[in-house]
Amino acid sequence: MVQRGYEKNTDGGEPNSRKRLIRLFVLVPVGIGLLSLVPTASAHGAAESSALSQSHGLAIAGIGALGVGALVFLKRSKRISPRTALYGIAVGIGVAIAGAIIFEGLAPDPTYKAGSMPFPRSWYQPLAIGTGLLVVVASFITGLVRWTTRPRYMALGMLLGGWILYPYLLPGFSGYTNPIGYGIVLATPLLVGYILWNDVGTALSTILRDPVARRFGFSVGAMVSLFFMATTGYLSFFSEEGAPQETTVAVLNVLYQIVRWPTLEILLPDVPFFIAISPGVVIVLGLLGVLVGLNAAAVAHSWRLDQQAGATQSTAGTATVVGACTCGCCGPLVSQVAVIAAGPTIAAPIYWIFVDSASPLSSIFLLGSIALFTGTLVYSIDSPTPVLQDASELSAGVTE
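Fair warning: this is a prediction, and the values are worked out from it, not measured in the lab. (Residues numbered from 1 in each chain as written. Predicted model: local features only at pLDDT ≥ 70, side-chain atom pairs only at ≥ 80, totals over all residues. Heavy atoms only, no water.)

1. Notes on the overall build of the protein
Then comes step 1: Assigned secondary structure in the protein consists of 14 helices and 4 strands.
Then comes step 2: Scored against the burial criterion, the 400 residues of the protein give a buried share of 44%.
Then comes step 3: Here the analysis covers contacts within the protein between residues at least 6 apart in sequence; of these, 78% occur between residues at least 24 apart.
Then comes step 4: Just so you have it, the protein exposes about 19200 Å², and 69% of that area is on carbon and sulfur atoms. (Helix = DSSP H or I, 4+ residues; strand = E, 2+ residues; numbered from the N terminus. Buried < 20%, exposed > 50% of the residue type's maximum accessible area, 1.4 Å probe, protein only. Contact = heavy atoms within 4.5 Å. Areas by Shrake-Rupley, 256 points an atom, 1.4 Å probe, with all protein chains shown as cover.)

Below, the structure written as structure tokens:
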């Protein structure tokens, strides 16, 4: 996706006044979308008096999605410049995410009985062990046969398989605080970073020198991280029934993924606002956000170079979207959509698969997303060693 040689200016020179107008056009909808997330509350932090409803959230998300689709069409038909399309798409994604957060935040908390589980919990252990062993063995064999010169791919696959196996190899409290578990979590972003640096680091350096691609990737990655935090309950802009009515700040030892982390929880009921931050949340959701952002920046840079969307780019973009949709973080939202579409009978199995703390499937989908985003980024960049340009060439090529 990185064009060799001299990069042509795709946007031409724009007056400063036009640049300011475009930025204002981008910032105003984003600000409105963020403000829409904060419902009004009574002076005593009691019952929520917001006029928003789930239908409003669906409508906002639909408007954002339609806007993104329209901008992609306009760009492909060359009716607008890539730069304008990218800024508009970033706004559309923000609006869609705001609507999804409103929809999920205003949904009633589902109550499911154990009888609605798609299969008994006794299946969890053989499912996790079988999947983990399959990932480890498949990664080892593939590394020996296909990636003989890149053992780092085999190492990442085996590490992710070990992540799935870990809770069942060291079950209970002993595993929650074992250094091996912390090592698995910390090693994952380090190994992913090494793969990207070694295989596509030069290309990413070129991509991130493009200011528009850099901003687009950062904004998309940040919004996706925000969405993941909101759908998993680590960030909320809505008051909840039974929650404390006074400002609360506490540090708790909370299980996240496979080990326990010191977690800072802040509750401001009068706003309302809740956030829970731990090293584990920052590592896992931060890694997902960075990977999504880098994929978005790569696509944006390709658009800025006005390259034709060939088979590689199309496949990569589709894989990224599929990976985001199948990520385990989206389980609660999928459950709520299923409740409206088909009732709790169909929603219950989805809820148990993604949300049940004992289920290994949420981790499997999460780790699958990490592997998918990493592979997509490596695969979607045509050359790992593009011809770099110096600062003067870059400023004369793809710039603002």
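Moving on, there is more to tell.
2. Details of the nonpolar core
Then comes step 1: If you look at the biggest cluster of nonpolar residues, it comprises 75 residues, and the most contacted ones within it are L196, L204 and F216.
Then comes step 2: When residues in this core are grouped by element, the largest group, 14 residues, is from helix α9 (residues 279-304).
Then comes step 3: Leave out the neighbours within four places in its chain, and L204 touches L196, L294, L377 and I381. (Core = buried A, V, L, I, M, F, W, Y, C linked by side-chain atoms within 4.5 Å.)

3. Here we look at the side chain of D210
Then comes step 1: Tracing the backbone through its elements, the reader meets D210 in the loop between α7 (179-208) and α8 (211-231).
Then comes step 2: Given a relative accessible area of 0%, D210 falls into the buried group.
Then comes step 3: Here the side chain of D210 touches R304 through a polar contact of 3.3 Å, side chain to side chain. (Polar contact = N/O pair within 3.5 Å; in protein donor to acceptor, adjacent residues only side chain to side chain.)

4. Considering unusual backbone geometry
Excluding glycine, a negative phi dihedral is what most residues carry, and trans is how most peptide bonds are arranged.
Then comes step 1: The omega torsion of the bond from V271 to P272 falls at -10°, within 30 degrees of zero and hence cis.
Then comes step 2: Tracing the backbone shows P272 in the loop between β3 (259-268) and β4 (273-277).
Then comes step 3: For K78, which is not a glycine, the phi torsion comes out positive at approximately 60°.
Then comes step 4: We classify K78 as exposed; its relative accessible area is 61%.
Then comes step 5: Despite not being glycine, Q257 has its phi angle at roughly 65°, a positive value.
Then comes step 6: Tracing the backbone through its elements, the reader meets Q257 in the loop between β2 (248-256) and β3.

5. Thoughts on the environment of V290
Then comes step 1: Mapped onto the secondary structure, V290 falls in helix α9.
Then comes step 2: Sequence spacing of V290 and V224 is 66 residues, and the spatial spacing of their C-alpha atoms is 9.3 Å.

6. Notes on the sheet that holds β2
Then comes step 1: Pairing is antiparallel across the open sheet formed by 4 strands, whose spatial order is β1-β4-β3-β2. Sheet topology places β1 (235-236) and β2 at the edges, where each strand pairs with a single neighbour.
Then comes step 2: Two elements, β3 and β4, share 5 bridges in a ladder whose sense is antiparallel. Bridged to E265 within β4 is A276. (Pairing = 2+ DSSP bridges.)

7. Remarks on a nonpolar patch on the surface
Then comes step 1: On the surface, V137, F140, I141, L144, V145 and M158 cluster together into a nonpolar patch covering about 560 Å² of accessible area.
Then comes step 2: If one sorts the elements of the nonpolar patch by residue count, helix α4 (residues 124-145) sits on top with 5 residues.
Then comes step 3: With respect to the helices and strands, the residue V145 is situated in helix α4.
Then comes step 4: A residue is classified by how much of its surface remains accessible, and V145, at 66% relative accessible area, is exposed. (Patch = residues over 30% accessible without salt bridge, like charges linked within 9 Å, V, L, I, M, F, W, Y side chains within 5 Å. Salt bridge = Lys/Arg side-chain N within 4 Å of Asp/Glu carboxyl O.)

8. Points about the packing of helix α5 (residues 151-169) against α7
Then comes step 1: Relative orientation of the contacting elements α5 and α7 amounts to 155°, with a least axis distance of 10 Å. Taken as axis vectors, α5 and α7 run roughly antiparallel relative to one another. Seen along the crossing, α5 lies across α7 with a hand that is left-handed. Across the interface between the two elements, R152, Y153, A155, L156, L159, L160, G162, W163 and Y166 of α5 pack against I180, G181, I184, V185, A187, T188, L191, V192, Y194, I195, N198 and D199 of α7.
Then comes step 2: Residue classes in the contact of α5 with α7 are distributed as 15 nonpolar, 4 polar and 2 charged. (Axes fitted to C-alpha atoms, helices over the stretch in contact; angles between N-to-C directions. Parallel < 35°, antiparallel > 145°, perpendicular 65-115°, else oblique. Left-handed = near helix turned anticlockwise from the far one by under 90°. Nonpolar A, V, L, I, M, F, W, Y, C, P; charged D, E, K, R; others polar.)

9. Focus: the side chain of D199
Then comes step 1: Mapping D199 onto the fold places it in helix α7.
Then comes step 2: At 2.3 Å, the side chain of D199 forms a polar contact with the side chain of Y153.

10. Thoughts on the pattern of salt bridges
Then comes step 1: Applying the stated criterion across every chain, the model contains 3 salt bridges.
Then comes step 2: Ionic pairing is found between R150 and D199, a salt bridge with its closest N-O pair at 4.0 Å. You can see R150 sitting in the loop between α4 and α5 and its partner D199 sitting in helix α7, a full 49 residues away along the chain.
Then comes step 3: Exposure remark for D199: the relative accessible area of 6% places this residue in the buried category.
Then comes step 4: Where R152 meets D199, a salt bridge forms, and the shortest distance between an N and an O atom there is 2.6 Å. Residue R152 is located in helix α5, and its partner D199 is located in helix α7; the two are separated by 47 residues in the primary sequence.
Then comes step 5: The network of salt bridges with common partners includes R150, R152 and D199.

11. A short note on the packing of helix α3 (residues 82-106) against α8
Then comes step 1: At a minimum axis separation of 10 Å, α3 and α8 run at an interaxial angle of 5°. Judged on the interaxial angle alone, α8 and α3 are roughly parallel. Contacts between α3 and α8 involve R83, L86, Y87, I89, A90, I93, G94, I97, A100, I101 and E104 from the former and V212, R215, F216, S219, V220, M223, V224, L226, F227, A230 and T231 from the latter.
Then comes step 2: Grouping the amino acids of the contact of α3 with α8 by side-chain chemistry returns 16 nonpolar, 3 polar and 3 charged.

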